[in-house]
Each structure stands twice: as structure tokens, then as C-alpha cells.
Amino acid sequence: MTHDRPEADLDRYAVLGNPVAHSQSPFIHAAFARQMGERMTYERVLAPMDGFVETVRAFAAAGGCGCNVTVPFKFEAPALAARVSARARLAGAANVLGFDADGWWADNTDGIGLVRDIIDGAGVPLRGLRLLLVGAGGAGAGVLGPLIEAGPAEVMVANRTPERAQTLMLRHAAWADQHGVRLQAGALDAPAGRFDVVINASASSLAGGAVPVAPGRLADGALAVDLMYGAPARPFLDWASAHGARPRDGLGMLVEQAAEAFFGWRGCRPETGPVLAALRERLEAKA
Ligand code: NAP
């Protein structure tokens with residue numbers, strides 16, 4: 001006969017950010033836990049803007065086993081860990097922390113989440129393609145390394161502040177050489193020619209700003225991804241459709257990056273398709 005352990009005894013995880021109320025991570029991880037029979041809880045924790053480190057330490061001291069880290073703390077997270085994964089080191093940012101008995105570790109699963117969503121979710125093999133990555137903040141930093149690893153012919157990084165794009169390019173120059181990928185960087189109006197995949201990793205949709213890409217940059221039938229989802233992503237997705245591109249929002253990436261974090265914590269890999277479908281249904285019902 002089995003007994004349910006009281007909730008207080010379940011392994012605790014959380015997402016830490018500011019703001020954090022909008023986060024869909026508790027829904028996603030609860031669905032993964034049910035699917036895999038993992039006995040855990042997952043909550044939202046609002047960290048004060050100047051109190052990220054103290055909030056992480058308090059959560060771990062209260063029995064937390066690991067956490068996701070979201071805006072604006074991803075750049076602060078690696079410094080807390082004794083072991084930092086190669087992809088988090090390359091990004092200089094982490095969205096996952098694990099509090100293992102033998103030391104804390106940090107990882108960045110945003111990039112592998114995006115790559116899996118593009119290749120498996122959208123069915124676009126990245127190898128040999130021309131990619132335009134718009135944005136050089138936390139998300140841009142997290143996805144560039146795994147995008148390069150997927151073997152496109154070229155990646156152009158464009159950012160409102162071009163110096164940040166240049167810095168990101170320099171940080172990834174050796175990685176790009178190693179993978180035979182042509183890497184360039186510049187301002188939003190710097191990209192030339194047409195791109196097979198355009199990724200909006202900027203906060204333009206969140207800010208309600210104009211689409212930061214000229215329509216002429218889209219190749220016929222290009223895939224146009226906005227890392228944002230829900231109503232704020234709608235103008236970018238409509239713009240993509242209106243210019244003959246295939247629109248895709250950031251929900252698939254969100255679920256895939258969560259699955260990779262779950263694997264890091266629990267050692268098992270949930271099926272993402274049903275969770276993505278349930279999340280989409282939930283958000284549409286709320287809209
Ligand atoms: P961030 O670190 O604050 O960086 C913001 C980036 O957006 C910077 O490159 C900034 O340019 C640029 N930007 C801001 N407003 C802009 C505008 N109106 N026009 C053009 N560029 C603008 O934010 P982040 O963490 O990178 O997040 C970016 C987006 O990705 C957010 O919408 C976030 O929700 C989304 N995201 C989604 C997932 C997912 O799983 N789907 C994961 C991570 C992030 P400057 O350098 O010039 O300031």
C-alpha cells in the first residue's frame with residue numbers, strides 16, 4: 001500500500017523573478033510532474049530587485065531543490081554556482097539553478113529550448129540556413145550558442161544598441177569558428193539580404209514597440225519566431241503572416257526549455273507536445 005507524502009515533504013522548486021506573477025512555469029512543471037510521477041512542488045517567488053542572491057539562498061535554506069531564474073536576474077545566476085554548464089558560461093547567463101548536496105550548479109536551457117522548438121516543433125532544420133537574431137539581452141545571449149551549434153550557414157545578430165550585439169558576437173566568435181558558422185553583428189538596420197529564419201529575441205513585443213525587422217529581410221516562406229507569446233506577440237505574428245512568413249510564438253520554446261530544466265533536476269525527460277497543447281488551450285481560454 002502506498003501513502004501520499006504530505007505536501008511539506010515534496011521536493012520544492014520555484015521560479016524566481018521580478019515580475020514573476022505572469023510566469024507559466026508552475027503550470028508547465030506541475031504537468032511534467034504528473035506525467036512523470038515525480039513528487040515535487042513548484043511555486044513563484046518574487047525577488048526584490050536588489051535582493052536576488054538573498055532570495056535564492058533563503059529558498060535553498062528552506063528546502064528548495066532548485067529554481068528557474070527569469071528577468072532580470074539571469075546574468076546574476078551563474079556567480080552563485082560552483083559548477084556552471086558550458087552553455088551557461090558561453091551565454092554569461094543562467095535560467096536554471098540546482099541545489100545539489102555536492103554543490104550548486106547553473107545551466108542555461110533557453111537556447112536548446114528554442115532550437116528544439118524550431119527543429120522538432122516547426123520542422124525547420126537549421127543546418128545550412130541564414131538566421132537573423134534580433135536582440136542581445138538575456139534571451140539573445142542564451143540562444144546564440146545553441147543556434148550556432150545547430151550548424152546554420154550564417155547568424156546575423158542585430159540589436160537596438162549595436163555595441164551589445166558586437167559584444168555578444170565577440171563572445172561567440174570562437175564557438176562560431178569551431179562550427180563553421182559565419183557570425184556578424186550590427187544595428188537593427190544592418191542586416192542585408194534575406195533570412196530563412198528570423199528570431200525576435202528582443203523585448204519589442206513586450207514593450208508594445210514596432211516590429212524591429214524590415215519585411216525585406218524575410219525569405220519566401222521564412223520562419224519568423226517571436227520569443228514572446230500571448231497577446232503581446234500578436235502584432236509580430238500578424239506582420240510575419242502579412243509578409244508571407246510562417247509565424248511562431250515563444251510558447252514552444254518556453255515548454256522545451258522547461259523540459260530541459262526538469263531533466264537537469266529530476267533526471268527524466270517529459271513529453272512536451274501534450275503540455276504545450278494544454279498550455280495553449282489554457283492561455284486561449286483566458287484571452
Ligand atoms: P532583456 O535582457 O531586457 O533584453 C531586452 C532586449 O530587447 C535588448 O536587446 C533590447 O535592446 C531589446 N529591446 C527592448 N525594447 C526594444 C524595442 N522597443 N525595439 C527593439 N529592441 C528592443 O530581455 P530578455 O530577457 O532578453 O527578453 C527578451 C524577450 O524574450 C522578452 O519578450 C521575453 O519575454 C522573451 N523570452 C521568452 C522566453 C521563452 O521561453 N519563450 C525565454 C526568455 C525570454 P537594447 O540592448 O538596445 O536595450
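Residues numbered from 1 in each chain as written. Predicted model: local features only at pLDDT ≥ 70, side-chain atom pairs only at ≥ 80, totals over all residues. Heavy atoms only, no water.

Peer 1: Can you explain the site of the ligand? Please cite residues and give values.
Peer 2: Taken together, 22 residues surround the ligand, and among them Ala139, Asn159, Thr161, Arg164 and Ala203 come closest. Contacts to the ligand include Thr161, whose side-chain N or O atom sits 2.5 Å from an oxygen atom. Its free accessible area being 930 Å², the ligand has 81% of it covered by the protein chains. Spatially, the ligand is embedded in the largest pocket. Within the residue set of the shell around the ligand, elements represented by two or more residues are α5 (138–149) and α9 (251–266). Taken together, the residues of the shell around the ligand sort by class into 10 nonpolar, eight polar and four charged. (Near = heavy atom within 4 Å. Polar contact = N/O pair within 3.5 Å; in protein donor to acceptor, adjacent residues only side chain to side chain. Areas by Shrake-Rupley, 256 points an atom, 1.4 Å probe, with all protein chains shown as cover. 1 Å grid on protein atoms, 1.4 Å probe; cavity = no way out; pocket = protein on both sides within 12 Å on 5 of 7 lines; lining within 4 Å. Sits in = over half its atoms within 2 Å of the grid points. Helix = DSSP H or I, 4+ residues; strand = E, 2+ residues; numbered from the N terminus. Nonpolar A, V, L, I, M, F, W, Y, C, P; charged D, E, K, R; others polar.)

Peer 1: Lay out the pattern of salt bridges with the relevant residues and their values.
Peer 2: Considering all chains together, one arrives at 15 salt bridges under this definition. For Asp238, the salt bridge goes to Arg234, with nearest N and O atoms at 3.1 Å. A residue pair is termed a helical-turn pair when its members lie 3 or 4 positions apart in one helix, as Asp238 and Arg234 do in helix α8 (residues 234–242) at four residues. Among the residues examined, Asp238 registers a relative accessible area of 40% and is labelled partly exposed. Counted as one network, the salt bridges with shared partners bring together Arg87, Asp107, Arg116, Glu260 and Arg269. (Salt bridge = Lys/Arg side-chain N within 4 Å of Asp/Glu carboxyl O. Buried < 20%, exposed > 50% of the residue type's maximum accessible area, 1.4 Å probe, protein only.)

Peer 1: Mind laying out helix α2 (residues 52–61), listing which residues take part and the relevant values?
Peer 2: Residues of α2 that are buried include every one of Phe52, Thr55, Val56, Phe59 and Ala60, and no others. The buried residues of α2 occupy an angular sector of 130° when the element is viewed end-on, so they sit on one face. Every exposed residue of α2 that faces more than 90 degrees away from the buried side is listed here: Glu54, Arg57 and Ala61. In the stretch just after α2, Gly63 is the one whose phi turns positive, near 105°. (Arc of directions from axis to C-beta.)

Peer 1: How would you sum up the pairing of strand β5 (residues 96–100)? Please name residues and give values.
Peer 2: For β5, the buried fraction is high: four of the five residues fall into the buried class. Sheet topology places strand β3 (residues 64–69) next to β5; three bridges connect them, and they run antiparallel. By the bridge assignment for β5, Gly66 is matched with Gly98. What sits between the antiparallel neighbours β5 and strand β6 (residues 103–107) is a turn of two residues. (Pairing = 2+ DSSP bridges.)

Peer 1: Just give me the short version of helix α6 (residues 162–171), but keep the residues and values in it.
Peer 2: Those residues of α6 that fall on the buried side of the exposure criterion are Ala165, Leu168 and Met169. Summarising the axial view, the buried residues of α6 lie within an arc of 100°, below the 170-degree limit, and thus occupy one face. Among the exposed residues of α6, those oriented more than 90 degrees off its buried face are Glu163, Thr167 and Leu170. Of the surrounding secondary structure, the elements contacted by the buried residues of α6 are α5, β8 (154–158), α7 (173–178) and β9 (182–186). (Contact = heavy atoms within 4.5 Å.)

Peer 1: Which residues make up the domain arrangement of the protein chain, and what values do they have?
Peer 2: Domain assignment breaks the protein chain into domain 1 (7–108 + 253–286) and domain 2 (111–249). Its C-alpha centre places domain 1 at a distance of 24 Å from the equivalent point of domain 2. Facing 16 residues of domain 1, the contacting portion of domain 2 comprises 18 residues. Contact with domain 2 buries surface across domain 1, with Leu90, Met253 and Glu256 losing the most and accounting together for 41% of the total. Taken together, the links from domain 1 to domain 2 amount to two salt bridges. Linking Glu260 and Arg116 is a salt bridge whose minimum nitrogen-to-oxygen distance equals 2.7 Å. Applying the counting criterion to the domain 1 and domain 2 interface returns four residue pairs in polar contact (both at pLDDT 80 or more). Every element with two or more residues in the side of domain 1 that touches domain 2 is listed here: α3 (86–91), α9 and α10 (273–286). The leading source of residues in the side of domain 1 that touches domain 2 is α9, at five residues. In terms of residue class, the side of domain 1 that touches domain 2 is made up of six nonpolar, four polar and six charged. (Domains from an automatic or database assignment. Buried area = accessible area lost by both parts, 1.4 Å probe.)

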